[in-house]
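# Per-entry structural report
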Amino acid sequence: VVLAAIISSVTAATLGYDVGVMADAIVFIGNDMQLNSGQTQIIVGSLNFIAAFGTLIAGSTADRFGRKPTVAVCCVMYVVGSVVMAIAPEF
């Protein structure tokens, strides 16, 4: 139970960090992409919708293929996405 509480706390902290980063980045996203306020808010808010969609898929995927393979695929997707962002020539 203690381990589950620790993992839940870390997950909540990382979500808060993501929200904080997006709150700071919203100014640059709007300026760089020449978006109005509504368009910028839709782009930033889409993070939550994409996360919710991923959660819906992850449950059934874990039921079908198992928890460990599902987590492994998510980790690979995270690393690939990080590498793509790191080598991107522009914002």
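Refer to the structure above for everything that follows.
How each quantity is defined
- Residues numbered from 1 in each chain as written.
- Predicted model: local features only at pLDDT ≥ 70, side-chain atom pairs only at ≥ 80, totals over all residues.
- Heavy atoms only, no water.
- Patch = residues over 30% accessible without salt bridge, like charges linked within 9 Å, V, L, I, M, F, W, Y side chains within 5 Å.
- Areas by Shrake-Rupley, 256 points an atom, 1.4 Å probe, with all protein chains shown as cover.
- Salt bridge = Lys/Arg side-chain N within 4 Å of Asp/Glu carboxyl O.
- Helix = DSSP H or I, 4+ residues; strand = E, 2+ residues; numbered from the N terminus.
- Buried < 20%, exposed > 50% of the residue type's maximum accessible area, 1.4 Å probe, protein only.
- Disulfide = S-S within 2.5 Å.
- Contact = heavy atoms within 4.5 Å.
- Polar contact = N/O pair within 3.5 Å; in protein donor to acceptor, adjacent residues only side chain to side chain.

Here we come to a nonpolar patch on the surface. A contiguous nonpolar surface patch, about 450 Å² in accessible area, is contributed by Tyr-78, Val-79, Val-83 and Ile-87. Note on placement: Val-79 falls in helix 3 (residues 67–87). Judged by relative accessible area, which is 48%, Val-79 ranks as partly exposed.

A word on the state of the cysteines. For the coordinates displayed, the defined rule picks out zero disulfides. Between Cys-74, a free cysteine, and Cys-75, which holds the nearest cysteine sulfur, the sulfur-to-sulfur gap is 7.0 Å. Judged by relative accessible area, which is 45%, Cys-75 ranks as partly exposed.

This next bit is on the side chain of Thr-40. Of note, Thr-40 is situated in helix 2 (residues 37–65). Note on Thr-40: relative accessible area 5%, which makes it buried. Those residues within four positions of Thr-40 in sequence are excluded, and the remaining contacts are Ile-26, Gly-30 and Leu-35.

Moving on, we get to the side chain of Thr-70. Within the fold, Thr-70 resides in helix 3. Polar side-chain contacts of Thr-70 include one of 2.8 Å to the backbone oxygen of Gly-66.

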